[in-house]
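# Examination of the molecular architecture
Each chain is listed here by its residues.
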Amino acid sequence: MTDKFDYDWLVIGSGFGGSVSALRLAEKGYKVAVIEAGRRYRDEDFARSAWNLKRFLWAPSLGLRGILRLSPFKDIFVASGAAVGGGSVVYANTLYRAKPEFFANPQWGRLADWSTVLAPHYATAERMLGVNVVPRASDSQKLLAELGTAFGVGATFMRTPVGVYFGKPGVSTPDPYFGGEGPARNGCTYCGACMVGCREGAKNSLLKNYLWFAEKRGAQVLAERIVTDVRPLGAGDGSDGFAVTTERPGAWVWRHRQTITARGVVVAAGALGSNSLLARCKLNGSLPGISDRLGQLVRTNSESLLAVTLPKGLARPWNDVAISASIHTSADTHIEFVTYGRHGDFLSLLCTVLTGKGTRLTRPLIWFGNVLRHPVTFLKSLWPVGWSRHSVLLLVMQSLDNAMSFQARRGIFGGVSLSTRQDPDRPNPTYIDAGNRAADWLARHTGGYAQSVVLEAWANIPSTAHILGGAVIGADRDTGVVDGYGRVFGYRNLLVCDGSIMPANPGVNPSLTITALAEHAMSRVPGRGFGGAENARQSPAMPDPETVCQPDAEVMV
C-alpha cells in the first residue's frame, strides 16, 4: 500500500485522540506519521516560570512556541494545548469518566448503549494513562472539604483520579507501568506546576505512554508543521487516498509548504484545530461533502473559571498536583480547586475583582462599581508577584445541555476564521452562580479576596479549558459530521478522533472520554492486509453501521 503513498495513515494532531490513533494504527502494521503544529519538549525543556512566554504561550507568529494557546472569541475564551503530546502536556492530569447524562444525550443516545460500549475502552485508557487517585492530603483539599460542608455537600468530596506517577518524590524508577517497555519515571514532588510543564518526569503525558509506544512501533512525528489542506486524490470520496498540505506555523514569509500523501487521514487537531481545518477544506472545495452540521453543537463543558487569593501564611495551595480533589454542589455542577504551582504568576494578569451576574452591557458597570467599593482589593489584584503561591483557582463544570456554534468565514488572504454564535434556545452560560458563591465564600472564610477572569467581568465572556464538539457524532449527515466510529459521512478513510466529535458536555474533565472514544474508533480499523470494508464491520462493540450509521462513512484499507 505504501508504495503508492508516502504513508498509509496521516494523523493530524498528537493529543489524546491523535496519539491513540497513531499507536493503534502502528500496531496494526501501518506506516504512520503524526503531524503536530507545536514543538517537542523534553521534561527539562519546559518553562520554569509562566513568565517565560516563549516556552509557555503559543503564538508562533510572535515567536512564542510554548504549550498554552489562548483563543478569545465573542462568546468564549478558550485555553488549549500546543505541543507534541497535545493537551496532555498542559492539562491538569485529571481523568474522570463522563457523567451518565453524557451517554444518554439525545444527539447520540439512541445509537448505542454508550456507557456499555465505551466501558472496555475506558478501562484500556485508564491503564495506558496510569490513572490512580491522589494519595495524600493537602491544604487545598482541606479548604475544598470545608467549602463542601458549608454548602451542605460535604459527602461529595473526593480526591481526583489523575495520570501522575507518585512513587518516591524526585527519585527515578525504571518504567513502573508497562513491564519495563516504557520510559523511566520520577516520583511526583507536588510542586503544582503540572500545567506550566512537568519538569519532574512524573506526569503521565502522552509522551510517556501512547505516543512513546507509537514511535517505538515506527510512527513518525512531524513537529512544528500545521495542516492547511486535505484533498482527495482521484475519487472525490477519498477512496484513492489524500494529499495533505503542511507548512510552518506562524511563518510570515518562508512557509516551507509541503504535500504528503496517504491512504487515510485521522483529523485529531483538537476541537479548535479540527473545526478550523475541516471548515477550511469544506469552504475551499477540498472536502465539499462534509456535513453542513459542521460547527454545530460546540460545547464548553459549561465552564467558569474563578480565583481566590489567600492571606499569606494561611496555606500552601501550590504544594499539590494541579487538581487533587473535587465536590459537587449539585447533581450537574462540579467544582475543582486548581493550582499552577509557585511560578504561575503570569496567570494573575487574566484575573480581576469578583464580578456578579450581568449582561454584556451591565457587567462592566458592575465590575467598575466593585472597583470603586473595594479599591484596596482591586489594587492588590493588580500585583502579580506571589499570586500563584497564595491563590486557588476554581474550575466549575456542568453537564447541562447548552451549546454554541462555530461560524466559518474565508479570510482576506485565503484562510478561514472561526467566530462563535450562541445557541438561541440553550445558550452557554456566561455566569454560574454556584461558582461565584463558592469563590465568595472561600474569600470570606479565609480573609482572602475573590476574582473573576477579566473577559468575563469586562465583556460577559466566560472561559473554558475544554472546548468540545463541532464535528459531532450523529446518526447520519443530517444530524452529525461523523458516525459512531468517528468516520466522516460521505468519505472513506477519513476519520475525526478528538474532542470535536463529543456530542454533549461530560460535566467533568474530558480527556479520559476523548481517549476512550479514540480507542473505540480505532477498534473498527482492520489490520493491514486483513481488511476491506467487510472485515471492518465485524467489531461487536456496537450494532452494524448499516443500522446505526450511514454506510457512506467507511474505512477501506
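Placed above this text is the structure.
Here the structure is a predicted model, which is why all the values come from computation and not from measurement.

Before going further, it helps to spend a moment on the sheet that holds strand β24 (residues 449–453). One open sheet holds the seven strands; their spatial order is β8-β18-β19-β21-β17-β24-β20, and the pairing between them is antiparallel. The sheet is open, and its two borders are formed by β8 (158–159) and β20 (351–353), each paired with just one other strand. Note that strand β17 (residues 304–309) and β24 share four bridges and pair antiparallel. By the bridge assignment for β24, A307 is matched with Q451. Helix-sheet contacts for helix α11 (residues 433–446) involve β17, β18 (325–330), β19 (333–338), β21 (391–398) and β24, and the interaxial angle to β17 is about 5°.

As a further point, take α11. The α-helix advances 3.6 residues per turn, and as a result positions three or four apart in sequence lie on the same side. With 14 residues, α11 should reach 20 Å at 1.5 Å per residue; the first-to-last C-alpha distance of 20 Å fits that figure. The complete set of buried residues in α11 reads A434, G435, N436, A438, A439, L442, A443 and T446. Tucked into the core, α11 has its buried residues touching α5 (139–150), β17, β18, β19, β21 and β24.

Should the sulfur atoms of two cysteines be covalently bonded, the bond is a disulfide. For the structure shown, the criterion picks out zero disulfides. Just so you know, C188 is unpaired, no disulfide at all, and the nearest cysteine sulfur is the one on C194, 6.2 Å from it. For C188, a relative accessible area of 7% gives the class buried. With no disulfide of its own, C191 has C198 as its nearest cysteine by sulfur position, at a separation of 6.3 Å. With relative accessibility at 26%, the residue C191 sits in the partly exposed group.

Each aromatic ring pair is summarised here by two numbers: the centre-to-centre distance and the angle between the ring planes. According to the stated counting rule, one finds 16 aromatic pairs in the structure shown. Judged by centre distance (6.4 Å) and plane angle (75°), the ring pair of W9 and Y30 falls under edge-to-face. Placement of W9 in strand β1 (residues 7–12) and of Y30 in the loop between α1 (16–27) and β2 (32–36) is noted, with a sequence separation of 21 residues between them. As far as burial versus exposure is concerned, W9 and Y30 are alike and both buried. Summarising the aromatic geometry, the rings of F103 and Y122 are spaced 6.3 Å apart at their centres and angled 90° between planes, so their arrangement reads as edge-to-face. Taken together, the residues span a long stretch of sequence, with F103 in helix α3 (residues 100–104) and Y122 in helix α4 (residues 114–129) at a distance of 19 residues.

Turning our attention to the side chain of S21. Its place among the elements puts S21 in helix α1. In this structure the side chain of S21 is engaged in a polar contact, spanning 2.8 Å, whose partner is the backbone oxygen of G17. Once you skip the residues sitting within four places of it in the chain, S21 turns out to touch V11, V266, C497 and M522.

About the cut-offs
- Residues numbered from 1 in each chain as written.
- Predicted model: local features only at pLDDT ≥ 70, side-chain atom pairs only at ≥ 80, totals over all residues.
- Heavy atoms only, no water.
- Pairing = 2+ DSSP bridges.
- Helix = DSSP H or I, 4+ residues; strand = E, 2+ residues; numbered from the N terminus.
- Contact = heavy atoms within 4.5 Å.
- Axes fitted to C-alpha atoms, helices over the stretch in contact; angles between N-to-C directions.
- Expected span 1.5 Å × (residues − 1).
- Buried < 20%, exposed > 50% of the residue type's maximum accessible area, 1.4 Å probe, protein only.
- Disulfide = S-S within 2.5 Å.
- Phe/Tyr/Trp six-rings, centres within 6.5 Å; stacked < 30°, edge-to-face > 60°.
- Polar contact = N/O pair within 3.5 Å; in protein donor to acceptor, adjacent residues only side chain to side chain.

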